[in-house]
Structures are given as structure tokens and as C-alpha cells.
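# Survey of secondary and tertiary structure
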Amino acid sequence: MNRRMLTKDDEATAGDEVEVRREDQDKINKFSRLHQRELILEEELKSKNKEKEELDDVTLELELADEDEKVPYKIGDAFFHIPLSDAQDMLASSTSRIEEEVSELEDKIGTTKEEMQQLKVELYARFGRSINLET
């Protein structure tokens with residue numbers, strides 16, 4: 001049984017190791033931090049989208065309620081009975097706020113991905129196959 005970890009071409013170039021300079025290590029570290037930030041931002045985005053869906057569901061439910069009815073509205077940890085029109089206004093403002101937050105998070109994720117892509121280009125140009133930056 002003949003098992004090889006590297007192909008013959010890889011073995012030939014394995015001796016041609018590239019020295020890791022301080023600035024290269026800084027770029028690798030920055031890439032790592034950006035990747036972690038991206039993961040955190042994507043989790044936040046997922047949470048905000050779920051919250052937005054829930055607000056949309058509540059808005060649809062309130063459209064079916066009677067105009068004269070007072071509806072429970074959660075503020076903090078407490079529920080307050082408020083007129084339907086006020087609840088709908090508050091939901092609309094909450095929905096628009098969430099939409100702005102989602103937009104900001106998407107922008108931050110886009111910027112982070114652009115920075116990561118630039119670092120990938122620079123690091124792959126320097127190290128070739130001897131570095132793996134796939135996330």
C-alpha cells in the first residue's frame with residue numbers, strides 16, 4: 001500500500017518554503033480577526049432577520065384585530081394594554097428600526113468580506129499553496 005501525503009509536484013516545491021515576515025504575520029492575524037468579526041456579524045444579522053419576521057407576523061395579526069380593542073404590547077419585560085392604532089404605530093417604528101440595523105449589518109459584512117478578499121489576494125500571492133485561508 002503506497003500512501004502519499006503530497007503529490008510529486010508538491011514534494012518538489014516543499015523545500016522552497018517562504019519565510020514569514022512580521023508584516024505577513026500581521027496580515028494573517030488581521031485576516032483571522034476579520035473572519036471572527038464576520039461570523040459574529042452574520043449571527044447578529046440572523047437574529048435581526050428573525051426579529052423582523054416576528055414583527056411582520058405580529059403586524060399581520062394586528063390587522064385582524066378590532067379597532068376598538070386594546071391589545072397587549074410588550075415593552076421591556078412588561079405588557080401594556082394600548083389602543084390598536086398605537087400598537088400598530090409602535091410596531092411600524094420598531095420594524096423600520098430593525099430594517100436600518102439589518103442594512104447596517106449587511107454593509108459591515110460586505111466591508112469585512114472585501115478586506116478579507118484583499119488580504120487573501122496578498123497572502124496567496126506571497127505564500128501560494130502553502131497557506132490556506134478558505135473559510
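Now for a look at the structure at hand.

The rules behind each value
- Residues numbered from 1 in each chain as written.
- Predicted model: local features only at pLDDT ≥ 70, side-chain atom pairs only at ≥ 80, totals over all residues.
- Heavy atoms only, no water.
- Helix = DSSP H or I, 4+ residues; strand = E, 2+ residues; numbered from the N terminus.
- Expected span 1.5 Å × (residues − 1).
- Core = buried A, V, L, I, M, F, W, Y, C linked by side-chain atoms within 4.5 Å.
- Buried < 20%, exposed > 50% of the residue type's maximum accessible area, 1.4 Å probe, protein only.
- Contact = heavy atoms within 4.5 Å.
- Salt bridge = Lys/Arg side-chain N within 4 Å of Asp/Glu carboxyl O.

### Some remarks on helix H3 (residues 84–127)
In this model, H3 (44 residues) spans 63 Å end to end at C-alpha, consistent with the 64 Å of a helix rising 1.5 Å per residue. Count one or two residues on from H3 and you reach Gly128, which has phi positive near 60°.

### A few points about the nonpolar core
The biggest cluster of nonpolar side chains holds 14 residues, and the ones touching the most others in it are Leu45, Leu62, Val71, Tyr73, Ala87 and Leu91. Looking at this core, the elements that each hand over two or more residues are helix H2 (22–63), strand S1 (70–75) and H3. A per-element tally of this core places H3 first, with seven residues. Those residues in contact with Leu45, other than ones at most four positions away along the chain, are Val102, Leu105, Glu106 and Ile109. Judged by nonpolar contacts, the second largest core, of eight residues, contains Leu119, Phe127, Ile131 and Leu133.

### Some words on the pattern of salt bridges
Scanning the model with the defined rule gives 14 salt bridges in all. Across the pair Arg21 and Glu23 runs a salt bridge, and its minimum N-O distance is 3.0 Å. A residue is classified by how much of its surface remains accessible, and Arg21, at 35% relative accessible area, is partly exposed. A single salt-bridge network, built from bridges that share partners, covers Arg21, Glu23, Asp24 and Arg126.

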